[in-house]
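# Examining the three-dimensional arrangement
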Amino acid sequence: MKGERIIGQVRRVNGPVIIAHGITDALMLELVRVGEVRLVGEVIKLEGQNAVIQVYEDTTGLTPGENIYGSGMPLSVELGPGLIGTIYDGIQRPLEEIREISNQFIERGVVLPALNRERKWHFVPLALESGSYLDGGAVLGTVQETEGIIHKILVPPFVTGKLISIEPEGDYTVTEAVAVVESEAGRQDLFLMHKWPIRKPRPAVRRLLPTTPLITGQRVIDTLFPIAKGGTVAIPGGFGTGKTMTQHAIAKWCDAEIIVYIGCGERGNEMTDVLTEFPKLIDPRTGRSLMERTLLIANTSNMPVSAREASIYTGVSLAEYYRDQGYHVAVMADSTSRWAEALRELSGRMEEMPAEEGFPAYLPTRIAEFYERAGFMEGVAGSKGSVTIIGAVSPPGGDFSEPVTQHTKRFVRCFWGLDRQLANARHYPAISWLESYSEYLDSITPWWEEMGGANWATNRAQIMELLQKEVRLQQVVKLVGPDALPDSQRFILEVCNMFKNAFLQQNAFDKIDRYSTVEKQVKMLEVILTYWQRGADAIRRGITLVKLKRMKVLQDIVKMKFTVDNDDLGALDKLILRLERSIDQMESIYV
Amino acid sequence: MSDAKKINNAQKMLLSGREYVGIHRIDGPLIFIRDTHPIGYRELVECVGPDGDTRMGMVLDTSHDIVVAQIFEGTSGLTMPDTKVRFRGKPLTLGVSKKMLGRVFNGMGQPIDGGPAPVGELELDINGKPINPTSREYPRDFIQTGISVIDGMNTLIRGQKLPIFSGNGLPHNELASQIARQAKIRGTSSEFAVVFVAMGVKHDVAQFFIHAFEETGVLENVALFLSLADDPSIERLITPRTALTLAEHLAFSHDMHVLVIMTDIANYCESLREISTIRGEIPSRKGYPGYLYSDLAELYERSGMLKGFKGTITQLPILTMPNDDISHPIPDLTGYITEGQIVFEREMYGRNIYPPIAGLPSLSRLMKDGIGDGMTREDHPHLASQLFAAYSYVKDVRNLASVIGEEELTPLDHQYLEFGEYFERKFVSQKQNEERTIEQTLDLGWEAVKKLPPEELHRITEEELQKYYGQ
């Protein structure tokens, strides 16, 4: 090919890391193509005549002496309409289209644009006066991307200037110019898409306080350990404790407008699961298919390890782009441990000095950089959007004291620890109520009190206190058996048991139970606390626990999560009434 | 093809005939050769020692000055001045064919049963290529193994990778051969094949499997790849890749349902550690290389179903957990990649329960989509969930009983103990030649659940209780 810029030659190949020599004018972090098969790579170190290049594809057959071609720009993503519903690999190559070229396996050196160049989008310009001054991030117009999502066409953040002209409403491909801007660098065409380097956070005017919770429909999360829109959370857990299941449940039912799901070094079948299941599921808020708000990045465990390293940044860049359009975006990163391991492997190949457990010393910095890209932000054009990052962590041996979990804990404000014991009893989501915490509680309490009644915070505190008491009582029970406890204390065990079975445990595959609205959660908690308050009172008045437990209504309370529909909250009020009546009756007979 | 590529290929062809005499350094299974023409990464190496035998190897590190290659047959007997080395200009390939069924091969795919080498239908790179996630089909066909604790609680699905986490001396070989013998998809009769991969296992173990396959008359549907305990340890690194290359060919070119039994993954990982240490790489946990996860994923992910292909690959890797420790890096990383695990428990084995499958840590991730109405039976999901919950409580009660004595337990806890006993003795426990249908398995499950009062059965619906629990 003519006009290509050769920046050097391969000198040594050692797995995904190659050393190049004869380097003339390579840029740091420049995107390069290596060898005659044109493998995608990135310059990660420059040293005199030598460079270290991280290659995003399998390097089998690469030979010393082969040329390296520069692209003149850093590794970037394409941002524009057509992202939603697509599945990309770690460096934003469309996997569906790769399949058309190379069948069931992924061939190397495939070059495909991330956004379809042929497809036309219907562009509706805003009424902008020519000559008006546009900042980077300003809105030029809109495109209906999916039926539920209006895609705002933004001026790229690195462009500011006077608008010369804007095209009229009509159909355009992503590479046809829709506007011309006069900037300091001269006249520039603007398109429906622009490129953005993945390792650089997109700018925003300011950070706002995260005060709105991200409602996930998962009761243990929303009620006990809520996460705010624009927040960060880590889900650590050993294998089989349900990290991926929890991530999937949140991706399906949370009230973010856009979901970016990053399958980073995980199983291929898990991505297939998302691809087959999401299109069939209906978003309860919009009534549209879940796939119409989902973007997928799949870099499965057997795909090249360096692209796994990049996949996290690719995903979060796409999320920031939708944030700048004023959307609330949730990023699921499954799993950040695999990403950290990719860092470790690359660092090892570069023969860097290791810190803890072979991880490079810059691991905490990288983790912090990633999580800090979350936030509730005000954009240039006054748009307000958020990126919430939900990162799974896979600690070796389920031991939370390992470096990735520990460093992640420093940089997230919410922690959902998955518990092996709960998972073994098939109590899902296996989020431990003892180890988990949320720092967002105070800032989102006003929202909950407005939506769920003034005693939401006190109710929540009450049940948390009971759970704490239960732990101490269980220790006693383990030594002397439950019979040694007085009824008043055994009742605490009983209520906690009820709370776990009827509230905390949630069946992701049940049509009703898989998702609970805010209102249902509030009411369910109220039912259980009514049982606690009235029951404790009755026991104080001399009614035995055995009699109390015989009440028929308890059976219905345990099953309310399956039987009461989200729209049928009157049924829960009736349950409370029945419960009160049963206890009244008992008191009138025995007291 | 561009001109540059053509020249490149022609050059490689010419150079692949060039022979280098003398190597610079030998270290364990690695050889170091200086001043070669440019050699490709992972290129195939042929190495002829003074004894005249040709050994195969692969390039691990290549640069202008020095090339490092690992020799699969080991380096014993090689000398520095007299060893001849040829670089073949292509990666290690295997000629695959359906005729390989019924034959025995070494780790490199060369026949060791005395017969002639089968004529390959295709030459395939043994490293394979990653499957595009969009071409995968989500596996959901239930495989009836006839073993209650697997079918009922950890259902095996066609296209799944489900390892057995065992320990030394536990009957994992018996279980694997029982699964190979009994596994069937109900209501279908399709061509099946077994690819058996032995990595560093004892001769006796290999004999046990051959014997078991012979006995059931399936040997002509089995291809065996043996790299036994006294073969060079480095050969184990290539053995599963060779075998999986054949498995892929059988599944995706011949529409066969392939069951791959790999034993023992722990030995494979040991070899990987050996190479890594010799190369002076930075170790992560317990001396294993940092890329152990990615390396294992390269094996395990070569399974599943593909859109538009009838054949499937189901993997049943066996690994013995060093010191029965499930948090050891080998079982730990395996568990993160595979779709569940069958965990053996020494205590159950001691109590003479076969198969000694621990109820709680065992898991099948694909189970949820392969069971229930139209696939097994409508009560299956809730019953399985209930059995897990109840058995988990049994463990708590037993702990309590060991502290305060059984007499002090509440009547309900006594019922749980009874349930636990029935569950282990009747439901889990079965004979090595006993094959139960899924209906028998589920009915047994209900018998166990009947030991508990209905108000304890939170996970079962009212209708199911009426239909199966009685009264």
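Residues numbered from 1 in each chain as written. Chains lettered and ligands numbered in written order. Predicted model: local features only at pLDDT ≥ 70, side-chain atom pairs only at ≥ 80, totals over all residues.

## Regarding the overall build of chain B
Formally: A run of H or I in DSSP becomes a helix once it reaches four residues, and a run of E becomes a strand once it reaches two; helices and strands are each numbered from the N terminus. Here the globule rule is a power law, 2.2 Å times the number of residues to the power 0.38, and the radius of gyration is based on C-alpha atoms. Any residue surrounded by 20 or more other C-beta atoms within 10 Å of its C-beta is treated as buried, while 12 or fewer makes it exposed and the intermediate range makes it partly exposed; C-beta atoms here are placed from the backbone. Placing C-beta atoms from the backbone, we regard two residues as in contact once those atoms come within 7 Å.
Summing up its helical and strand segments, chain B has 14 helices and 19 strands in all. Compactness check: chain B gives a C-alpha radius of gyration of 25 Å against a globular reference of 23 Å for 471 residues, within 12% of the reference. Counting only C-alpha atoms, chain B reaches 85 × 50 × 40 Å along its principal axes. Taking all 471 residues of chain B together, the buried fraction comes to 52%. Restricting the contact set of chain B to residue pairs at least 6 apart, pairs at least 24 apart contribute 72%.

## Quick word on the domain arrangement of chain A
For clarity, the threshold we go by: Domain boundaries shown here were taken from an automatic or database domain assignment.
The domains assigned to chain A are domain 1 (5-74), domain 2 (116-192), domain 3 (206-442) and domain 4 (453-590). Here the C-alpha centroids of domain 2 of chain A and domain 4 of chain A sit 57 Å apart.

## Focus on the interface of chain A and chain B
Stated formally: Each residue receives one of three labels: charged for Asp, Glu, Lys and Arg, nonpolar for Ala, Val, Leu, Ile, Met, Phe, Trp, Tyr, Cys and Pro, and polar for the others, Gly being one of them. Paired strands, in this sense, are two strands between which DSSP finds at least two bridges.
Every contact between the two is made by 60 residues of chain A and, on the other side, 62 residues of chain B. Mapped by element, the contributors of at least two residues to the side of chain A that touches chain B are β1 (5-14), α1 (95-102), α4 (268-277), α6 (336-349), α11 (456-480) and α15 (553-558) of chain A. For the side of chain A that touches chain B, the element with the highest residue contribution is α4 of chain A, accounting for seven residues. The class makeup of the residues in the side of chain A that touches chain B is 22 nonpolar, 24 polar and 14 charged. Here β1 of chain A runs beside strand β5 (residues 54-63) of chain B; their pairing, made up of two bridges, is antiparallel. From the neighbouring strand, V13 of chain A faces β5 of chain B, where its bridge partner is T62 of chain B.

## Quick word on unusual backbone geometry
The peptide bond linking T263 of chain B to D264 of chain B adopts the cis configuration, its omega dihedral lying at 5°. In this structure, P355 of chain B follows Y354 of chain B across a cis peptide bond, with omega equal to -10°. Mapped onto the elements, P355 of chain B comes out in the loop between α9 (346-350) and β19 (363-364). Residues other than glycine seldom take positive phi values, yet E351 of chain A does so here, at roughly 60°. As for its position among the elements, E351 of chain A is in the loop between α6 and α7 (363-371). C-beta crowding within 10 Å serves as the criterion here: with 12 such atoms nearby, E351 of chain A is assigned to the exposed category. A positive phi angle, near 50°, is found at K286 of chain B, a position not held by glycine. Relative to the helices and strands, K286 of chain B resides in the loop between α6 (265-278) and α7 (292-300). Overall, the presence of 13 C-beta atoms within 10 Å leaves K286 of chain B in the partly exposed class.

## Here's the deal with the packing of helix α12 (residues 487-504) of chain A against helix α13 (residues 518-540) of chain A
All names here are of chain A. The following threshold applies: Axis definition: a line fitted to C-alpha atoms, limited for helices to the stretch in contact. Angles are taken between N-to-C directions and run from 0 to 180 degrees. Comment on the angle field: the value is read as roughly parallel under 35 degrees, roughly antiparallel over 145, roughly perpendicular from 65 to 115, and oblique elsewhere. Crossings are sorted by hand: turned counterclockwise from the far helix by less than a right angle, the near helix makes the crossing left-handed, and turned clockwise it makes it right-handed.
Their axes nearest at 10 Å, the elements α12 and α13 cross at an angle of 165°. Viewed along their axes, α12 and α13 adopt a mutual orientation that is roughly antiparallel. Seen from above, α12 lies across α13 with right-handed handedness. Between α12 and α13, the contacting residues are D487, S488, F491, V495, M498, F499, A502 and F503 on the first element and M524, L525, I528, Y531, W532, G535, A536, I539 and R540 on the second. Its residues assigned to classes, the contact of α12 with α13 comprises 13 nonpolar, two polar and two charged.

## What about the sheet that holds strand β10 (residues 133-134) of chain A?
All names here are of chain A. Strand order across the open sheet formed by four strands is β10-β13-β15-β16, with antiparallel pairing between neighbours. Each of the sheet's edge strands pairs with one partner strand only, and the pair in question is β10 and β16 (186-190). Two strands pair when backbone bridges link them, and β10 and strand β13 (residues 161-166) are joined in this way by two bridges, in the antiparallel orientation. Across the sheet, the residue bridging to Y133 is K162, located in β13.

## A few points about the pairing of strand β4 (residues 43-48) of chain B
Residues and elements named next belong to chain B. Bridge analysis of β4 against strand β7 (residues 84-91) gives five bridges, and the strand direction is antiparallel. What sits directly across from E46, in β7, is R86. Bridge count for β4 against β5 is five bridges, and the pairing is antiparallel. Along β5, the bridge assignment pairs C47 with R55. Hairpin connection between β4 and β5: a loop of five residues separates the two successive antiparallel strands, and G52 in this loop has a positive phi of roughly 90°.

## Some thoughts on the domain arrangement of chain B
All names here are of chain B. When cut into domains, chain B gives domain 1 (3-91), domain 2 (95-370) and domain 3 (380-469). With 11 residues of domain 1 at the contact, the number on the domain 2 side is 11 residues. Split by residue class, the side of domain 1 that touches domain 2 holds six nonpolar, three polar and two charged.

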